[in-house]
Amino acid sequence: MKHGKKPFLTDRRFGYLLLLPALLLFGLVIIYPVARNVYLSFHEKSIATGMVESFAGFKHYLKIFTRDLRFRQALGNTLYFTVVSVGIEFLLGLSFALLLNLNFRFRNFARASVILPWALPTAVMAMAWRWIYHDIYGVANDILLRLGIIREAVAWLGKSPLAMHAAIFSDAWKTTSFMALMLLAGLQSIPQELYAAASIDGAGGWARFRYVTLPLLRPVIILALLFRSLQAFAVFDLIWVLTQGGPGGTTETLSVYLYSYTFRYLNLGYGSALSVAIFALSLIIIFVILFFQREEVELG
Amino acid sequence: MKSKKGRMVFFYCLIALVVLFSLSPFLWQVITSFKPSQEIFSRPVKYLPSHIDLSAYSRIFIRHPFGRQILNSIFIASISTFLCLSVASLAAYAVARFKIMGGRGFLLFILLLSLFPPVVLIVPLYEMVSSWGLMNNWLALIIPYASLNLPFAIWVMNSFFQQIPGALEDAAKVDGLSRLGILVRIILPLSAPALATTAILVFIFCWNEFLLALTFMTRDAARTVPVGIAMLSGASQYEIPWDQISAATVLTTLPLVTFVILFQRKIVEGLTAGAVKG
């Protein structure tokens, strides 16, 4: 740059230039598709009928909210899956985090083992679970039979209330590690002096947990619940590989429904309307959880 | 209160249970992959193979394009990770150093973007990929993978860049380095640990991705390993080659197991950097 002349490339312009590639990628892969979804959701468009587009108005949305029983079932399944699996993994994850936060031999090995389920591909581990749940040669049946918990082999993925709970168990296995990791990071940010002070004041183990750990962990807990609820709400890989939504649609979640409907009937218009509905429902989850966070802040 | 020794035993039993819970499905795949075929289908279940049989490992390569699928996964995940990190470090640096329109707001906006279920993008992305003739093309996965991992990468890189003292950059400026020179010769080398952490995590995300790979890779030889393994199920549920699936599972997850053992601490830091400290 020459002295005295104002350079064309100011810091601010240089900053935007650095941001440009990221904005381009966001635009291409996230922003444009979301906008395109909204547009398509008001149109008829089917790959089967040669990609012709025609205006459909609110037709798709009307169908989703009034006549589509499969959507209703999938919504119910998804909510059940989300609440139960996130609930279980929160309790498990918190216990794991409290254990791993202590000082003991082999702690690094224990931590590495707990991270492992998170790092492995969901689809691949879902295949592993299908083998574990196998009705004839599966190890789940074998162990439970030997322990005398069940009397005869069970078709875990083939019967209605069982399949959903088998899926929830696999999901809890897979994602408890993420919850444990986040909560562990939160635990480590709590100053040790607080525990010392609480002990001097005569607080026992439970009181220290209740009045020191939980309140200070609350922001991390809310964040972890937000992440995990949204991920569970969008569950696809696990269900697709385990059951494809069966038996009889009893494990079909919204993502699986959207996928199978769109690519079985090649109806892009209706698929887009379903996408927008799922998008809106995710927004509701975000607002509900953030609302609770606001309330906690106001109370505290 | 019980004796100290008793409590220690109880505590280590709890830890052992947690470790067993986390490892057992993976270990079961390892055991299954070593079993001779007839012992896989035996009742009652045999918990240890009579001898170690590695034939499932050769069959997975001979009967399926598994070698090709591993190469697909390696290339797609590596190129996506490289693209994602290049773009993310530029953006993260811009947000960390230059006071551009709502730096904090931009970070919150991309955090929000990363929260939405990827399945809602599948219809328009499918439309784009098929109309541009990119089905079964690596680009159909590389560009979405790089973009979808950008929010996470920008968050982690940004929180790291903010810790680098501005005085360092001023000194470099005095020494006559250009702005791009500062980024490439000062900031990026200093951030090597953060870049490595982010790269490991983004690579894992790309290696594990299923939905887009399932949709855009329709030819068997074009598939990535997670889809390849999930598609190994035969026409009926009685034809599933469980021995080959377990061998493929072990081969696919081994790099991840290695990553986790080697970089346990970095993974924990990286995963929680954006979320907890942000």
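Residues numbered from 1 in each chain as written. Chains lettered and ligands numbered in written order. Predicted model: local features only at pLDDT ≥ 70, side-chain atom pairs only at ≥ 80, totals over all residues. Heavy atoms only, no water.

Remarks on the overall build of chain B
Moving on, step 1. Within chain B, the regular secondary structure consists of 14 helices and zero strands.
Moving on, step 2. Ordered by position from N to C terminus, the α and β elements of chain B give α-α-α-α-α-α-α-α-α-α-α-α-α-α.
Moving on, step 3. Rg of the C-alpha trace for chain B: 23 Å, well past the compact-globule value of 19 Å for 278 residues, more than 25% over.
Moving on, step 4. Counting only C-alpha atoms, chain B reaches 75 × 70 × 35 Å along its principal axes.
Moving on, step 5. Across the 278 residues in chain B, those meeting the buried criterion constitute 54%. (Helix = DSSP H or I, 4+ residues; strand = E, 2+ residues; numbered from the N terminus. Rg over C-alpha atoms; globule rule 2.2 N^0.38 Å. Buried < 20%, exposed > 50% of the residue type's maximum accessible area, 1.4 Å probe, protein only.)

A few points about the UniProt feature "domain: ABC transmembrane type-1" (unreviewed entry) in chain A
Moving on, step 1. Within the UniProt annotation, "domain: ABC transmembrane type-1" (unreviewed entry) is assigned to residues 75-291 of chain A.
Moving on, step 2. Along residues 75-291 of chain A, the helical share is 77% and the strand share 0%, with 22 Å between the first and last C-alpha atoms. (UniProt positions renumbered as here; feature names shortened; annotations may be inferred.)

Remarks on unusual backbone geometry
Residues and elements named next belong to chain A.
Moving on, step 1. With an omega dihedral of -10°, the bond running from Gly246 to Pro247 counts as a cis peptide bond.
Moving on, step 2. Considering the arrangement of structural elements, one finds Pro247 in the loop between helix H10 (237-242) and helix H11 (254-265).
Moving on, step 3. With phi around 55°, Gln244 is a residue other than glycine that occupies positive phi space.
Moving on, step 4. Using a relative accessible area of 44% as the deciding quantity, one classes Gln244 as partly exposed.

Digging into the UniProt feature "transmembrane region" (unreviewed entry) in chain A
Moving on, step 1. The sites that carry the UniProt feature "transmembrane region" (unreviewed entry) are, in the present numbering, residues 14-35, 79-102, 114-133, 153-173, 220-242 and 268-292 of chain A.
Moving on, step 2. Secondary structure within residues 268-292 of chain A divides into 100% helix and 0% strand; the distance between the first and last C-alpha atoms comes to 36 Å.

As for the UniProt feature "transmembrane region" (unreviewed entry) in chain B
All names here are of chain B.
Moving on, step 1. Those places that UniProt annotates as "transmembrane region" (unreviewed entry) correspond, in this numbering, to residues 9-31, 74-94, 106-126, 138-161, 182-205 and 245-263.
Moving on, step 2. Helix makes up 100% of residues 9-31 and strand 0%, with an end-to-end C-alpha separation of 29 Å.
Moving on, step 3. From the first C-alpha to the last, residues 106-126 spans 28 Å; its make-up is 71% helix and 0% strand.

Observations regarding the interface of chain A and chain B
Moving on, step 1. Of the residues lining the interface, 95 residues belong to chain A; the matching set on chain B comes to 91 residues.
Moving on, step 2. Together chain A and chain B conceal approximately 8,600 Å² of surface at their shared face, both sides included; 81% is due to carbon and sulfur atoms.
Moving on, step 3. Broken down residue by residue, the surface that chain A buries against chain B is led by Leu18, Phe26 and Trp131 of chain A, which jointly contribute 8%.
Moving on, step 4. Taken together, the connections running from chain A to chain B amount to two salt bridges.
Moving on, step 5. Of the charged contacts in the structure, one is a salt bridge between Glu127 of chain B and Arg36 of chain A, with a shortest N-O distance of 2.8 Å.
Moving on, step 6. On the surface where chain A and chain B come into contact, there are 13 residue pairs in polar contact (both at pLDDT 80 or more).
Moving on, step 7. When residues of the side of chain A that touches chain B are assigned to their parent elements, the largest contribution, 22 residues, is made by helix H1 (residues 11-40) of chain A.
Moving on, step 8. Considered class by class, the residues forming the side of chain A that touches chain B number 72 nonpolar, 13 polar and ten charged. (Contact = heavy atoms within 4.5 Å. Buried area = accessible area lost by both parts, 1.4 Å probe. Salt bridge = Lys/Arg side-chain N within 4 Å of Asp/Glu carboxyl O. Polar contact = N/O pair within 3.5 Å; in protein donor to acceptor, adjacent residues only side chain to side chain. Nonpolar A, V, L, I, M, F, W, Y, C, P; charged D, E, K, R; others polar.)

What to know about helix H5 (residues 122-132) of chain A
Moving on, step 1. Most of H5 of chain A is tucked away: ten of the eleven residues are buried.
Moving on, step 2. Among the residues making up H5 of chain A, those that are buried are Ala123, Val124, Met125, Ala126, Met127, Ala128, Trp129, Arg130, Trp131 and Ile132 of chain A.

Concerning a nonpolar patch on the surface
Moving on, step 1. Together, Ile143, Leu147 and Ile149 of chain A together with Tyr47 and Leu48 of chain B make up an exposed nonpolar region whose accessible area comes to about 520 Å².
Moving on, step 2. Tracing the sequence through the fold places Ile143 of chain A in helix H6 (residues 139-146).
Moving on, step 3. For Ile143 of chain A, a relative accessible area of 38% gives the class partly exposed. (Patch = residues over 30% accessible without salt bridge, like charges linked within 9 Å, V, L, I, M, F, W, Y side chains within 5 Å. Areas by Shrake-Rupley, 256 points an atom, 1.4 Å probe, with all protein chains shown as cover.)

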